[in-house]
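Secondary and tertiary structure notes
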Amino acid sequence: MATPALPAVAEPVGAGSYTTALPAGAALPTACSDLATNPRRHLTANAPAGPVPTNDWWSSLVYKRTECAFSDNLMAHPLSFDTVAGGLGVDYATTPTITGTATGVGEYHYQYGADFTLGVTGLNASEAKVDGWTDWTVSPFWSDGARTLRATIGHGSPFVYAKVTGGDARLSFSAAPNVWLNSGPRIGFSVDGHDYVAYAPSGATWNSSGTAITSSLAGKGFFSVAVLPNNSDRVALANAYGTYAHAHITGTRVSWNYDQAASSVRATYAFTTQALEGSTTGTVVSLYPHQWQHLSGGGTPIANTYTSPRGPMKTLVGTSSFTTTMRYNGVLPELPSVAMTGADLNTLNGFLDQAAQGDPLAGFNNDTYWTGKAVGRAARLAEIADQVNRTDVRDKMLNAIRARLTDWFTASPGKSERVFYYDRNWGTLIGYPASYGSDTDLNDHHFHYGYYIAAAATLAKFDRNWASGGQYGGMVDLLIRDANNYDRNDTRFPFLRDFDIFAGHDWAAGHGAFFAGNNQESSSEGMNFANALIQWGQVTGNNAIRDAGMYIYTTQASAIQNYWFDPQDQAFPAAFQHSTVGMVWGDGGAYSTWFTAEPEKIHGINMLPITGGSLYLGHNPGYIDRNVAEIVRNSGSQPKVWQDVIWSFQALSKPDDALNAFRSTNYTPEEGESRAHTFHWLRNLSALGQVDTSVTANHPLHAVFTKGGNRTYVASNTGTSPITVTFSNGATLNVPAGKTATTGGGTVTPPPASATLHVTSPNTLSANSGSGARDDAVTGAGGRNFDGVPTNARAYTACGITGSVDPAKQTQFSLNVDSGTGVGNGVQARISYDPNGSGNYPRTETYRYFATDPVTGWENYTQAAGLQSQSGTVTNLANGCVKLEIWSAIGSGTTSLRASATEAEGRQSTVVIPFTTR
């Protein structure tokens, strides 16, 4: 009798494959009852088809659940929620609880404690299911057989939208609320110092009695409740919000665009609403700091703000979308070898020889995370070995990476290790052996897989065949799609699983089932994933992957600065005596990690791995000094562990200090580091100086550094043909195929000597014309008067300018502006001069505002409006900067500024500076 054939379990992807049969001994997501095999158990029939989102702020609704019935706390901001048998618990947490000390582990939490429960009279449901979700909202659903409640809640929404059947709408309190408005379908009430307004349909009324507020809703079955911002004119805002109270949000959606010419990423956050009464569209949305700091369209926030664990939230009233525009300052495969000569090159070669002894991947555990660390370390060594012509070391590292990734990317019957398994129920690709809950909790996939993707990008530069779709590139793409699927049409994986679109950063926990909401520890490993997408997308020519990486990278870089580092002291409560957090929680942050209380690691977990994608850490050198000083203060000495990681971070501010510490200290390298890579990083930063964020380039793989007033331009070409990279100040750099070029290694043309600077979107003054006309939005003044005071200004900057003052000339400008049919608007300009590129602008010139007409069409705003005020004196420029700021001095409407126009298109917006340049 013939032996029966084994079932086909290896699904081919090019030359690679994954398995659809669970490997022997492997674990799956664990939760309530049959959830491991039926994640849709807690979804209604209305919920979208396809994979269930995990790693979100609301994931505990469908994953690990209290008594298998209800969620843990859901931190949406400005509101937080909980699900209970009687409906939706609602809270606006404004007072932090702070524990710990200034030198030890400490935490702050805006803890959930219900202000009230929103429900239906008599509702006693056995569970809360999920009836639907969009990019940053979710709709939980309750039913006890006689009554139903469907709520829609979301990030940034001060509203809860509700639909009910079988009973009256009911708001339940632990004590009688203070009712300050009760007029027909509206009732305003205060709980724990927080002001709310409930909106019923027309014809309905509210009844307040004891610890409950109820309404029959005039039989229409829908209502909403909004929390009002701090210190507001609550009656006026109750009216303003009321316009949108019955325009229920039914959809939210993000889209992004990488503008290569301007080196910026625009993201648009759009809302779909359904008018259950009237015909109003638009909504009320509150923005986190990383959003309102970069707001470039969607309206002007009102003056009042909400308290949140991330700092003040600013609110747009009546918008259907808003747009952020973030500058992209580039990434590199690795720092350039500008200082590797003589004795330093000999030192580096010695370290490379040490790293190349034996198996480069030996000593690492066999699971997904530590395999990632191993191939990540090898990739860094391959990159620097290639730069200094150590092809023997480079090829040894590449061969090790190729062999290990190929093994992981190949499935076969019976294989139980170094294999990826696709689970159709959860829509996820799990690598086994798993680690840190990447299987049972679906934790950390972006952390683990980011290392694989980055190593694959390095290998792809030297072995394009291996990276092709017909070989193993398809498996790399599957890892990307699992962790953060960039393709909405791919129903195998949820869209952007690990990246919280509205919060602006990843969440590590797959289930999010904690009292404090979801959490993430290593923001830098999240950035490693984003950088890996940029590198892989660029080398393989996949712009969709590259641009998704750009969106995650720029957005999360801003979120990290605001919420993990908080250099402006606006996110952390004043009594929280730390300059950083090791972990961000849904309701706060913690100076701690999951694995240690050592200060070096609490700080360092948000620095590693150090790569050419780590340059965002250098955007604020002053903060770096503050961060490192706290490590020393809290540990009582210079770093004793993870010194190499901390020195690499410190070198982005004080490279010579970090290099001296390296040379004089006997230390043990962090597991994912090598002495060769650390020395290469420190020695080259000592030569390059600090990251220069004032200049960008029209190529994804670029960076600019400044030391002693001198710039070094860097660009990397992973393609097969030479390219010319143009920087925003007009400098150009010729980069050979497959190489990284610098000021000293490629051909550099310095910034053109021109006194005429062109306004180019989104933030640059350039000696060159733009690549095509754009309309940059100058937000309105919101009916306030900002005459002479730049407020929500658009800023355009040029640096690297050397020139002598020409006393016969004055500043001139020609700005083409249009307010459409808007009435009573006026834009104002200020031009400032920084003589040496220090970041200080001692010379400022503020011009009288220009009142635009209410007729669609461009108008020309020039210096002829007259100088309103000036400060400082005009001095010669030596690698100096010029900045144009333009804002709305008066009026409520948005004004367009024409930017980036070509000479052929005409109507170019320009600034002419009174210098003889060279």
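Everything discussed here concerns the structure shown above.
Calculation criteria
Residues numbered from 1 in each chain as written. Predicted model: local features only at pLDDT ≥ 70, side-chain atom pairs only at ≥ 80, totals over all residues. Heavy atoms only, no water. Helix = DSSP H or I, 4+ residues; strand = E, 2+ residues; numbered from the N terminus. Polar contact = N/O pair within 3.5 Å; in protein donor to acceptor, adjacent residues only side chain to side chain. Contact = heavy atoms within 4.5 Å. Axes fitted to C-alpha atoms, helices over the stretch in contact; angles between N-to-C directions. Parallel < 35°, antiparallel > 145°, perpendicular 65-115°, else oblique. Left-handed = near helix turned anticlockwise from the far one by under 90°. Nonpolar A, V, L, I, M, F, W, Y, C, P; charged D, E, K, R; others polar. Pairing = 2+ DSSP bridges. Salt bridge = Lys/Arg side-chain N within 4 Å of Asp/Glu carboxyl O. Buried < 20%, exposed > 50% of the residue type's maximum accessible area, 1.4 Å probe, protein only.

With respect to the side chain of Ser 635
Along the polypeptide, Ser 635 turns up in helix α11 (residues 621–635). Among the polar contacts listed, one links the side chain of Ser 635 to the backbone oxygen of Ile 631, at a separation of 2.7 Å. When near neighbours in sequence (up to four residues on either side) are disregarded, Ser 635 contacts Pro 599, Glu 600 and Lys 640.

Overview of the packing of helix α6 (residues 445–462) against helix α8 (residues 523–540)
Look at α6 against α8: their axes get within 8 Å of each other, and the N-to-C directions meet at 30°. Judged on the interaxial angle alone, α8 and α6 are roughly parallel. Every pair of crossing elements has a handedness; the one defined by α6 and α8 is left-handed. Of α8, the residues touching α6 (which contributes His 446, Phe 447, Gly 450, Tyr 451, Ile 453, Ala 454, Ala 456, Ala 457, Ala 460 and Lys 461) are Glu 525, Gly 526, Asn 528, Phe 529, Ala 532, Leu 533, Gln 535, Trp 536 and Val 539. By residue class, the composition of the contact of α6 with α8 is twelve nonpolar, five polar and two charged.

Observations concerning the sheet that holds strand β13 (residues 169–172)
Remark on secondary structure: sheet strands pair via backbone hydrogen bonds, oriented parallel or antiparallel. Spatial ordering of the open sheet is given by β3-β4-β5-β8-β13-β18-β17, a layout of seven strands whose pairing is antiparallel. Two strands in the sheet have a free side with no partner beyond their single neighbour: β3 (74–75) and β17 (207–209). Two strands pair when backbone bridges link them, and β17 and strand β18 (residues 212–215) are joined in this way by three bridges, in the antiparallel orientation. Bridge pairing in β18 links Ser 208 to Ile 213.

Things to note about unusual backbone geometry
Omega for the bond connecting His 77 with Pro 78 falls within 30 degrees of zero, at 5°, which places this linkage in the cis form. Tracing the backbone through its elements, the reader meets Pro 78 in the loop between β3 and β4 (80–84). Between Tyr 432 and the following residue, Pro 433, the backbone shows a cis peptide bond with an omega angle of 0°. If you trace the backbone, Pro 433 turns up in the loop between β28 (428–432) and α6. Backbone geometry places Asn 231, a non-glycine residue, at a positive phi of 50°. Note on placement: Asn 231 falls in the loop between β19 (222–227) and α1 (234–242). Within the chain, Tyr 436 stands out as a residue other than glycine whose phi angle is a positive 55°.

Things to note about the pattern of salt bridges
One pass over the full model with this rule turns up 35 salt bridges. In this structure, Asp 135 engages Arg 488 in a salt bridge whose closest nitrogen and oxygen atoms are separated by 2.6 Å. Linking Asp 135 in the loop between β9 (128–133) and β10 (137–143) with Arg 488 in the loop between α7 (473–484) and β29 (499–500), this pair joins segments that are 353 residues apart in sequence. Among the residues examined, Asp 135 registers a relative accessible area of 14% and is labelled buried. Accessibility expressed as a relative area gives 29% for Arg 488, which makes it partly exposed. Among the salt bridges present, the one from Asp 144 reaches Arg 147, with a minimum N-O distance of 2.9 Å. Here the salt bridges do not stand alone but share partners, grouping Asp 477, Arg 481, Asp 487, Asp 490 and Arg 492 into one network.

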